[in-house]
Every structure is written in structure tokens, then in C-alpha cells.
Amino acid sequence: GEGRFAVMELSLLEDSTRVLRVLTPEVWYPMLLCLSPDESTLAVLDAQSGPNSQQRVWLHRIDASVDPISVGGPDGYDDGQFTQYPAGLAITPDGQLLVSS
């Protein structure tokens, strides 16, 4: 939508065809990115601010086999949400998401 940013994937196929795919359609303002060690999951911090602030970390399967899930939410004040923007993201080898602030 208007006013949004997105993370895109550009693939170059063997026949030189270029394929562009939006990986993060629900993200307003991607701030931090982290790829899992097995390269199957992309974590994206959505740092949208203002009256509809998100402050979420979205987890996207690269192959789109599962719908994205999020951690955090509006205003960042309830359980599992952030009181400030995370300063770092990491995914451990066993698939755990680490968020630091």
C-alpha cells in the first residue's frame, strides 16, 4: 500500500529471466533483517511509529509454505511486545528467535 516499504527477493533464473517477489507485504517499515542459519526463515523488524505503531518482528518462510507470524504488536506494551524498538535480531541454530533492546 501507499507509504509502505517492503523486503523484496530478486531471483535470476537459468534462462536469464528475472523474478521479483515481495517477501513482506504486511510490513510498513522494515528496520532490521535476520536470516535463519538454514536460510528458510527471514525475521524482519517492522518499526512503524505513530498512532498505529506496530513494533513487531515478522517471521517469513522464504518458500512461502506458511503464512507469516509476528511477535509484538500495537503500541508495544502488552505481553510479548516491545517497550522500545529492538536493537538486534538473531535466530539460533535450533530456530529460536532472539531479540535485544
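Position numbers for residues count from 1 along each chain, tracking the sequence in the order it is written. Side-chain atom pairs in this predicted model are given and counted only at pLDDT of 80 or more, local residue features only at pLDDT of at least 70, and totals for whole chains, interfaces and linings cover all residues. Excluded from the side-chain calculation are hydrogens and water; included are all heavy atoms of the structure.

A. View of the sheet that holds strand S5 (residues 56–61). Two strands pair if DSSP finds at least two bridges between them. Secondary structure elements follow DSSP: runs of H or I of four or more residues count as helices, runs of E of two or more count as strands, with numbering from the N terminus. Read from one edge to the other, the open sheet built from 4 strands follows the order S3-S4-S5-S6, with strand pairing classed as antiparallel. Each edge of the open sheet is held by one strand with a lone partner, namely strand S3 (30–35) and strand S6 (69–72). In this sheet, neighbouring strand axes are inclined to one another by 20° on average, regardless of whether the strands run parallel or antiparallel. As paired elements, S3 and strand S4 (residues 41–46) share 4 bridges and run antiparallel to each other. Note on definitions: angles span 0 to 180 degrees between N-to-C directions of axes, and those axes are lines fitted to C-alpha atoms, for helices only across the stretch in contact.

B. Representation of the side chain of Thr92 within the structure. If you trace the backbone, Thr92 turns up in the loop between strand S7 (88–91) and strand S8 (97–100). Polar contacts involving the side chain of Thr92 include one to the side chain of Asp94, which spans 2.3 Å. Every residue pair with non-hydrogen atoms within 4.5 Å of one another is taken to be in contact. Not counting residues within four places of it along the chain, the set of residues in contact with Thr92 comprises Pro37 and Leu98. Polar contact is the term for a pair of N or O atoms within 3.5 Å; when the atoms are in protein, one must be able to donate a hydrogen and the other to accept it, and sequence-neighboring residues count only if both atoms are side-chain atoms.

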